Amino acid sequence: MTKTYQLKLGPLTRDLPLIQLNQDLTIASFVLLGDAELTHYAATQFTELLSDVSFDYLVTIESKGIPLAQELSWLTHHDRYIVLRKSVKDYMQAPVEQPVSSITTSADQELVLDGTDADLIRGKRVVIVDDVISTGGSVLTAKQLIEQADATVVEQVAILAEGDAAERKDIRYLEKLPLF
C-alpha cells in the first residue's frame, strides 16, 4: 500500500499521509490547520455554494474547522461564528454538553456549547461547518446542541466527505475522501 493519498481539490493538490487506525481501517489524514491556501479556497467555494442559503451564524467544531469558519465568516460578511468546544472551559456560562464519538479519537469526547453562545443563536438559522465528515457523529451532536438552543440548522458543509458520508443527502461537501 502507498504511504500517501493524493487529494485534488480544485486547483490544489495535497499528499495526505495514510494512517492505520485499526486492523480494518486506514484513513488519509487531512489536517486543515496551518493550510491557509486550502482554507481560503474551500471558503470561497462554500461562499458560492451557500449564496442561496439565508443564515445568521456559522457553527464549527473545535479545532480543525475553526480556520474554515473564520475565513467563511469573513467572506460571507458574518461578524461572528460559534465554536463548539471539546470540554467545558472555566469562562463558560451555563454550558450545554453532549457526548460524541469520532473514528479519529480513541477516547470519549463531548461537545460543549457555551450558554452565552446558546443565547446568541436562539431563534436563529445556522450553518454547521466542518473539515471532514466521516461517520457524522460530530455533526449530529453539533446539530443536537444547536437544536437544544432553539436554533435551526439550515445547512451542513464540510470540505471532505469520508467513506459512506459521500452518499449522504443532508450535507454539502467539496470532495470525496476514500477509506482504505
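Positions within a chain are numbered from 1, following the residues in the order the chain's sequence is written. Residues qualify for local features only when their pLDDT is at least 70, as the model is predicted, and side-chain atom pairs are given and counted only at 80 or more; totals for whole chains, interfaces and linings, by contrast, use all residues. Values shown for side chains rest on all heavy atoms present in the structure; no hydrogens or waters enter the calculation.

Colleague: Talk me through the packing of helix α1 (residues 36-49) against helix α2 (residues 66-75); I want residue IDs and the actual numbers.
Modeller: What counts as an axis is a line fitted to C-alpha atoms, over the stretch in contact for a helix, and the angles between N-to-C directions run from 0 to 180 degrees. Note on conventions: DSSP H or I runs of at least 4 residues are helices, E runs of at least 2 residues are strands, and numbering of each starts at the N terminus. With their axes 9 Å apart at the nearest point, α1 and α2 run at an angle of 50 degrees to one another. By the angle between their directions, the pair α1 and α2 is classed as oblique. For the element pair α1 and α2, the recorded crossing hand is right-handed. Of the residues in α2, those in contact with T39, H40, A42, A43, T44, F46 and T47 of α1 are P67, L68, E71, L72 and L75. Three classes are used: nonpolar for Ala, Val, Leu, Ile, Met, Phe, Trp, Tyr, Cys and Pro, charged for Asp, Glu, Lys and Arg, and polar for all others, with Gly counted as polar. Across the contact of α1 with α2, the residue classes break down as 7 nonpolar, 4 polar and 1 charged. Note on terminology: angles under 35 degrees are roughly parallel, angles over 145 are roughly antiparallel, angles of 65 to 115 are roughly perpendicular, and the others are oblique. Crossings are sorted by hand: turned counterclockwise from the far helix by less than a right angle, the near helix makes the crossing left-handed, and turned clockwise it makes it right-handed. Contact between two residues is taken to exist if any of their heavy atoms lie within 4.5 Å; hydrogens are not considered.

Colleague: Give me the sheet that holds strand β4 (residues 57-61): which residues, what numbers.
Modeller: Pairing between strands is defined by DSSP: at least two bridges between them are needed. Strand order in the open sheet formed by 5 strands is β5-β4-β8-β9-β10, with parallel pairing between adjacent strands. With partners counted over all chains shown, the strands left at the sheet margins are β5 (81-84) and β10 (172-177), one partner each. When the angles between neighbouring strand axes are averaged without regard to direction, this sheet yields 20 degrees. Examined bridge by bridge, β4 and strand β8 (residues 125-133) share 4 bridges and lie parallel to one another. Residue pairing in the sheet places T60 in a bridge with V129 of β8.

Colleague: Mind laying out α1, listing which residues take part and the relevant values?
Modeller: The span expected for a helix works out to 1.5 Å for each residue beyond the first. Between its first and last C-alpha atoms α1 spans 20 Å; for 14 residues at 1.5 Å apiece the expected length is 20 Å, and the two agree. All of the buried residues along α1 are L38, T39, Y41, A42, A43 and F46. Buried residues belonging to α1 abut β1 (4-9), β2 (12-22), α2, β9 (152-162) and β10. Accessible area is worked out with a 1.4 Å probe on protein chains only. A residue is then buried under 20% of its type maximum, exposed over 50%, and partly exposed in between.

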